[in-house]
Amino acid sequence: MPPSPAGTPAAPTITADGLTPQDIKAGAGEHPTAPASRANGGLLVLAGILLVALNLRAAVTSLGALLDEVRVGLALSGTMAGFVTTLPTIAFAGLGAATPWLVRRLSAARLLVLGMLALAVGQVLRAVTGSAVVFLLTSALALAGIAVANIMMPMLVKQYFPHRAGLVTGAYTMALVAGTTVAAAAAVPVAHAFGSWRAGLGVWAGLAVVAVLPWLPAALRSRTAARRATRDAAAAARVVVRPGRTRLGWAMAVYFGAQSLSGYAIMGWLAQLFRDAGFRPQDAGLLLAGVTALGVPIALLMPTLAGRLSSLRPLVFALTAASTLAYLGLALAPRGAAVLWIVLLAFGQGAFPLILTTIGLRARTADGTVALSAFAQSTGYVIAALGPLLVGILYESTGGWTAPLGFLLLALAVQTGAGMVIARPRYIEDER
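A brief structural summary. (Residues numbered from 1 in each chain as written. Predicted model: local features only at pLDDT ≥ 70, side-chain atom pairs only at ≥ 80, totals over all residues. Heavy atoms only, no water.)

## Quick word on the overall build of the protein chain
- In terms of helices and strands, the protein chain carries 21 helices and zero strands.
- Of the contacts made within the protein chain by residues no fewer than 6 positions apart, 82% connect residues no fewer than 24 positions apart.
- Accessible surface, the protein chain: about 18,200 Å² in total, of which carbon and sulfur atoms supply 68%. (Helix = DSSP H or I, 4+ residues; strand = E, 2+ residues; numbered from the N terminus. Contact = heavy atoms within 4.5 Å. Areas by Shrake-Rupley, 256 points an atom, 1.4 Å probe, with all protein chains shown as cover.)

Below is the structure:
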């Protein structure tokens, strides 16, 4: 991580135990600077990050796979079912914005424990309720835990792995994609095996409980004096960062929002496009799954590439070119070269791990990272919520896919413009 410019104090480094190096030198804690202890602490934090990442979409995609069964089981109206599908983006936008406030008041370990417990409890309660209103409220509780973890992930990478940021970001993004894919694929078989959609939703609470375990020791450890010293040092060094007042902050939010808009639209409508092109339903589903599956290695490699380039423009242009060719191919010859369009789409969706990496690259400090992450993601998810809705409206009103794909090309142009702004190396703390 580049040194802070003159006059800008650097934020204190926090270890896996929640201590600064000054605390350790003063005798606080158990001397985690010893090589073995430091390595063990790093591995525990890495395990915790990856387990949390596995949970970041499972509650969403498992519900999507079982939406028809849930709608019938709870007698949801069409309007209520539509609200259920948009609830994740609403929750990620609204609740994610509160995360910087929470980070200033709770340690990262405690906040993640609370977030994963909220996710676990919410998933269990929504799986057992017979009330549509309670289902929505408990879904919101589960999504609140995800929203907080969404914002914290780039901060944790910056804080604990500053010299391995690309690799760790790739690893946790790959875990996120894997959790998304497994939950989508397994929710229906689990429901069938247990004879109820409730099992297909509730089983993922166990994964959230497992994600609590690596963070529990640090969350329960009593280090009142050390935490107070850490907070005092951080408060003295903290520079107020307001991304919403900067060009870089808005460019990050627009890029995040535009790529998420396209991603949600693809996940929601691509299978229907292929079915309209003459594919059998199961084959259309496999083609959609191919986008997610191919995204796993891309999620691992993209952050490493981004971290090694002096400018992100080559990656921004490459992702734009791949998505453009895919959209044009889907509009002109969806059946003739379907596999090629899937490969190009998967590469284009590499914009998601790219923007997650860029959040860490465009902030000097942990405070800057969490502020930029909260603003980019909360604002971006508001934009993203429009994607599936507008694609559906255009599809219904025109009866074809030319207009929806044209809309996605327009969103891609906006994404590329924002990408040009965030491509140049700079820091959010310098744009106050």
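That was the structure; now back to the text.
## Some details on unusual backbone geometry
- Phi is positive for Ala75, close to 55°, though the residue is something other than glycine.
- Within the secondary structure layout, Ala75 lies in the loop between helix H4 (67-73) and helix H5 (78-96).
- We classify Ala75 as exposed; its relative accessible area is 67%. (Buried < 20%, exposed > 50% of the residue type's maximum accessible area, 1.4 Å probe, protein only.)

## Notes on a nonpolar patch on the surface
- The grouping of Val121, Val124, Leu125, Val128 and Leu141 at the surface amounts to a nonpolar patch, some 390 Å² of accessible area in total.
- Per-element accounting of the nonpolar patch gives the leading share, four residues, to helix H7 (residues 108-128).
- Exposure remark for Leu125: the relative accessible area of 38% places this residue in the partly exposed category. (Patch = residues over 30% accessible without salt bridge, like charges linked within 9 Å, V, L, I, M, F, W, Y side chains within 5 Å. Salt bridge = Lys/Arg side-chain N within 4 Å of Asp/Glu carboxyl O.)

## A short note on the nonpolar core
- Of all hydrophobic cores here, the largest spans 96 residues; its most connected members are Val52, Val70, Met152, Leu156, Trp215 and Leu354.
- It is helix H8 (residues 132-160) that provides the largest number of residues to this core, a total of 16 residues.
- With residues up to four places along the chain from it excluded, the contact list for Leu354 reads Tyr255, Met302, Ala306, Leu312, Leu315, Val316 and Leu319.
- Ala265, Ala284, Leu345 and Ala411 belong to the second largest nonpolar core, which has 28 residues in total. (Core = buried A, V, L, I, M, F, W, Y, C linked by side-chain atoms within 4.5 Å.)

## Here we look at helix H18 (residues 351-361)
- The buried fraction of H18 amounts to ten of the eleven residues, a majority that puts the element mostly inside the structure.
- Turning to H18, its buried residues number three or more, namely Ala351, Phe352, Pro353, Leu354, Ile355, Leu356, Thr357, Thr358, Ile359 and Gly360.

## Concerning the pattern of salt bridges
- Using the criterion set out here, one finds three salt bridges in the structure.
- Across the pair Arg280 and Asp283 runs a salt bridge whose closest N-O atoms are separated by 2.9 Å.
- On the basis of relative accessible area, Asp283 is assigned to the partly exposed category, the value being 24%.

## A word on the packing of helix H14 (residues 247-276) against H18
- For the pair H14 and H18, the least separation of the axes is 9 Å and the interaxial angle reads 160°. Taken together, the axis directions place H14 and H18 in an arrangement best described as roughly antiparallel. Along this stretch, H14 crosses H18, giving a crossing that reads as left-handed. Between H14 and H18, the residues in contact are Met252, Tyr255, Phe256 and Gln259 and Ala351, Phe352, Leu354, Ile355, Leu356, Thr358 and Ile359, respectively.
- Along the lines of polarity and charge, the residues of the contact of H14 with H18 split into nine nonpolar, two polar and no charged. (Axes fitted to C-alpha atoms, helices over the stretch in contact; angles between N-to-C directions. Parallel < 35°, antiparallel > 145°, perpendicular 65-115°, else oblique. Left-handed = near helix turned anticlockwise from the far one by under 90°. Nonpolar A, V, L, I, M, F, W, Y, C, P; charged D, E, K, R; others polar.)

## Considering the environment of Phe92
- In this fold, Phe92 is placed in helix H5.
- Judged by relative accessible area, which is 1%, Phe92 ranks as buried.
- For the pair Phe92 and Thr379, spaced 287 residues apart in sequence, the C-alpha to C-alpha distance is 9.2 Å.
- Sequence-distant contacts of Phe92, defined by excluding residues within four places in its chain, comprise Leu56, Arg57, Val60, Leu143, Ile146, Ala147, Asn150, Tyr264, Ser378 and Tyr381.

## A few points about the packing of helix H9 (residues 165-194) against helix H15 (residues 281-308)
- Axis separation between H9 and H15 bottoms out at 6 Å; the angle between their running directions is 165°. With respect to H15, the axis of H9 lies roughly antiparallel. Crossing hand, H9 versus H15: right-handed. Touching Gly166, Leu167, Thr169, Gly170, Ala171, Thr173, Met174, Val177 and Thr181 of H9 are Thr292, Gly295, Val296, Ala299, Leu300, Pro303 and Thr304, all from H15.
- Considered class by class, the residues forming the contact of H9 with H15 number eight nonpolar, eight polar and no charged.

## Some points on the packing of aromatic side chains
- One pass over the structure, following the stated rule, counts nine aromatic pairs.
- For the pair Phe135 and Trp197, a centre-to-centre distance of 6.5 Å together with 75° between the ring planes defines the contact as edge-to-face. Linking Phe135 in helix H8 with Trp197 in helix H10 (residues 197-202), this pair joins segments that are 62 residues apart in sequence. The pair Phe135 / Trp197 is uniform in exposure class, with both members buried. (Phe/Tyr/Trp six-rings, centres within 6.5 Å; stacked < 30°, edge-to-face > 60°.)

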